[in-house]
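# Results of the structural survey
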Amino acid sequence: MEPHNSSAASVSDTCFGVFNASDSRDTGQNSITSPWFSTAFGLIGLCSNLFALCVLLSSSRKLSSRARSSFLVFLCGLVVTDFMGLLVTASVIIPYHFIKFTWAKVDPGCHLCNFLGFSMVFFGQCPLLLGATMAGERFFGINHPFSRSTSISKRRAWSIVGLVWGFSCLLGLLPVLGLGRYTLQYPGSWCFLTLLPDTGNAVFCLLFALLGIFSVLLSFIFNTVSVVTLCRVYHDRESVQRRRDSEVEMMVQLVGIMIIATICWMPLLIFIIQTVVQQLPASGRIQMLPQETQKMLLIYIRMVTWNQILDPWVYILFRRAVLQRVYPSLRPRPSILSLYPVLNPSLRRKLTAD
């Protein structure tokens, strides 16, 4: 019996000891583990993001507004992140479903598993942080429209996107650096953070989940204030007929992205916190996730995948060019300057030039 125990302990210390692989084979025909889920989601998401990227690049060439240009840079960063996330993860997960290779033989050193786990965290956290960044940029752009410091150039916008990518990269590397670990998840086709109650895994899980929730809440606060500001200005007696079409369009898209992120991500983030906190009293005694927990984690990850699929369609469908075809009465109207009290002519010319 001793060799068996030592063998089990060594397996639990690697990336292959969190779920029972035999249970996965027994339930291989279960609908939630069907390979067609991953294949269909991957293809639809890649096509959607590729189409949105083409539309974004086409729109950016026609713009002269700095505010709109910087917003499109953030949107482009979001679409590229979603596209690369689907491409990288699908390139590993989809072949597994059709080849059914044994992870312990193909990846005995857990390098592929660590890379896939890093990709899941990196490409998962980036859209949430980018959503909060976009909401913050629009918040200052709408509430302080005449402040030169709120005017962001394309280069600075790309720098901010790069900082978000860099921060998410550091977060994803924490398990490689020793805080927590990535492990193979049910049904054996993907790797993710480990929902076990030991200190390292618990800290990393809570850090990932709380940072995601903070990003969603920050987006909600910024977007709510921005929408309220737009509504107040829109209903001002002096500007009933003057709408900020561009600002309204951006806010509609931002609110759509926020709603999708909230619906798709909050169940997973809350589930991670709930699972880790409930297991903390049994710290050190739980070596394998319960099968029900494994299945629920897979279902929530399926929901998260919809975020990458739906994000590009928010921009594709909620553009003025599309809305004006649905509602022909919509016509371009004056910009943000027309919604504020009369300015000194020289200042107006200066702001318009900027």
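These figures come from a predicted structure and were not determined experimentally.

Criteria and cut-off values
Residues numbered from 1 in each chain as written. Predicted model: local features only at pLDDT ≥ 70, side-chain atom pairs only at ≥ 80, totals over all residues. Heavy atoms only, no water. Helix = DSSP H or I, 4+ residues; strand = E, 2+ residues; numbered from the N terminus. Buried < 20%, exposed > 50% of the residue type's maximum accessible area, 1.4 Å probe, protein only. Contact = heavy atoms within 4.5 Å. Areas by Shrake-Rupley, 256 points an atom, 1.4 Å probe, with all protein chains shown as cover. 1 Å grid on protein atoms, 1.4 Å probe; cavity = no way out; pocket = protein on both sides within 12 Å on 5 of 7 lines; lining within 4 Å. Points joined across faces, edges and corners; volume = space filled by probe spheres on them. Nonpolar A, V, L, I, M, F, W, Y, C, P; charged D, E, K, R; others polar. Phe/Tyr/Trp six-rings, centres within 6.5 Å; stacked < 30°, edge-to-face > 60°. Pairing = 2+ DSSP bridges. UniProt positions renumbered as here; feature names shortened; annotations may be inferred. Salt bridge = Lys/Arg side-chain N within 4 Å of Asp/Glu carboxyl O. Disulfide = S-S within 2.5 Å.

## Topic: the overall build of the protein chain
- Assigned secondary structure in the protein chain consists of 12 helices and 2 strands.
- When the helices and strands of the protein chain are listed from N to C terminus, the series reads α-α-α-α-α-α-α-β-β-α-α-α-α-α.
- Within the protein chain, the fraction of its 354 residues that count as buried is 49%.
- Here the analysis covers contacts within the protein chain between residues at least 6 apart in sequence; of these, 83% occur between residues at least 24 apart.
- Of the roughly 17500 Å² of accessible surface on the protein chain, a fraction of 66% belongs to carbon and sulfur atoms.

## Here's the deal with empty space enclosed by the protein
- Under the definition given, this model contains 2 cavities of 30 Å³ or more.
- Of the voids in this model, the largest cavity is the one considered here, and its volume is about 400 Å³.
- Lining the largest cavity are 28 residues; nearest its centre among them are Thr89, Ile93, Met120, Ile301 and Thr305.
- For the lining of the largest cavity, the secondary structure elements donating two or more residues are α3 (35-60), α4 (66-99), α6 (111-143), β2 (190-193), α9 (245-279) and α10 (291-317).
- By residue class, the composition of the lining of the largest cavity is 16 nonpolar, 11 polar and 1 charged.
- Considering only enclosed or pocket space, the second largest cavity measures out at about 80 Å³ in volume.
- Taken together, Pro127, Leu128, Gly131, Ser215, Val216, Ser219, Asn223, Leu254, Ile257, Met258 and Ala261 make up the full set of residues lining the second largest cavity.

## With respect to the packing of aromatic side chains
- If you walk through the whole model with that rule in mind, you get 12 aromatic pairs.
- For the pair Phe208 and Trp265, a centre-to-centre distance of 6.2 Å together with 55 degrees between the ring planes defines the contact as tilted. Here Phe208, found in helix α8 (residues 199-234), pairs with Trp265, found in helix α9; they are 57 residues apart in sequence, far enough to count as distant. Residue Phe208 shares its accessibility class with Trp265, and that shared class is buried.
- Note on Phe271 and Tyr300: the rings are 5.0 Å apart at their centroids and 50 degrees apart in plane angle, and the pair reads as tilted. Of this pair, Phe271 sits in helix α9 while Tyr300 sits in helix α10, and the two are 29 residues apart along the sequence. For the pair Phe271 and Tyr300, one class covers both residues: buried.
- An aromatic cluster of at least three residues, connected via ring pairs, comprises Trp190, Phe192, Phe208 and Trp265.

## A closer look at the pairing of β2
- Of the strand pairs in this sheet, strand β1 (residues 182-185) and β2 are connected by 4 bridges, and their pairing is antiparallel. For Leu184, the partnering residue across the bridge sits in β2 and is Cys191.
- Linking two consecutive strands that pair antiparallel, namely β1 and β2, is a turn of 4 residues; a positive phi of about 95 degrees is found at Gly188 within it.

## Quick notes on the UniProt feature "transmembrane region" (unreviewed entry) in the protein chain
- Residues given the UniProt feature "transmembrane region" (unreviewed entry) here are residues 36-59, 71-96, 116-136, 157-180, 200-233, 254-277 and 297-318.
- The distance separating the terminal C-alpha atoms of residues 116-136 is 30 Å; by composition the span is 100% helix and 0% strand.
- In the segment residues 157-180, helix accounts for 88% and strand for 0%; the C-alpha atoms at its two ends are 33 Å apart.

## Thoughts on the environment of Phe51
- Residue position: Phe51 is located in helix α3.
- Between the C-alpha atom of Phe51 and that of Pro312, which follows or precedes it by 261 residues, the distance is 8.1 Å.
- In contact with Phe51, not counting residues within four places along its chain, are Trp313 and Ile316.

## Re the pattern of salt bridges
- Taken as a whole and assessed by the stated rule, the structure comprises 1 salt bridge.
- The shortest N-O distance in the salt bridge between Glu137 and Arg138 comes to 3.1 Å. Taken as a pair, Glu137 and Arg138 share a single burial class, namely buried.

## Concerning the state of the cysteines
- According to the stated counting rule, one finds 1 disulfide in the structure shown.
- For Cys113, the disulfide goes to Cys191, at an S-S distance of 2.0 Å. Looking down the S-S bond of the Cys113 and Cys191 bridge, the torsion is -115 degrees, so its handedness is left-handed. Within this pair, whereas Cys113 is found in helix α6, its partner Cys191 is found in strand β2, the two being separated by 78 residues in sequence. The pair Cys113 / Cys191 is uniform in exposure class, with both members buried.

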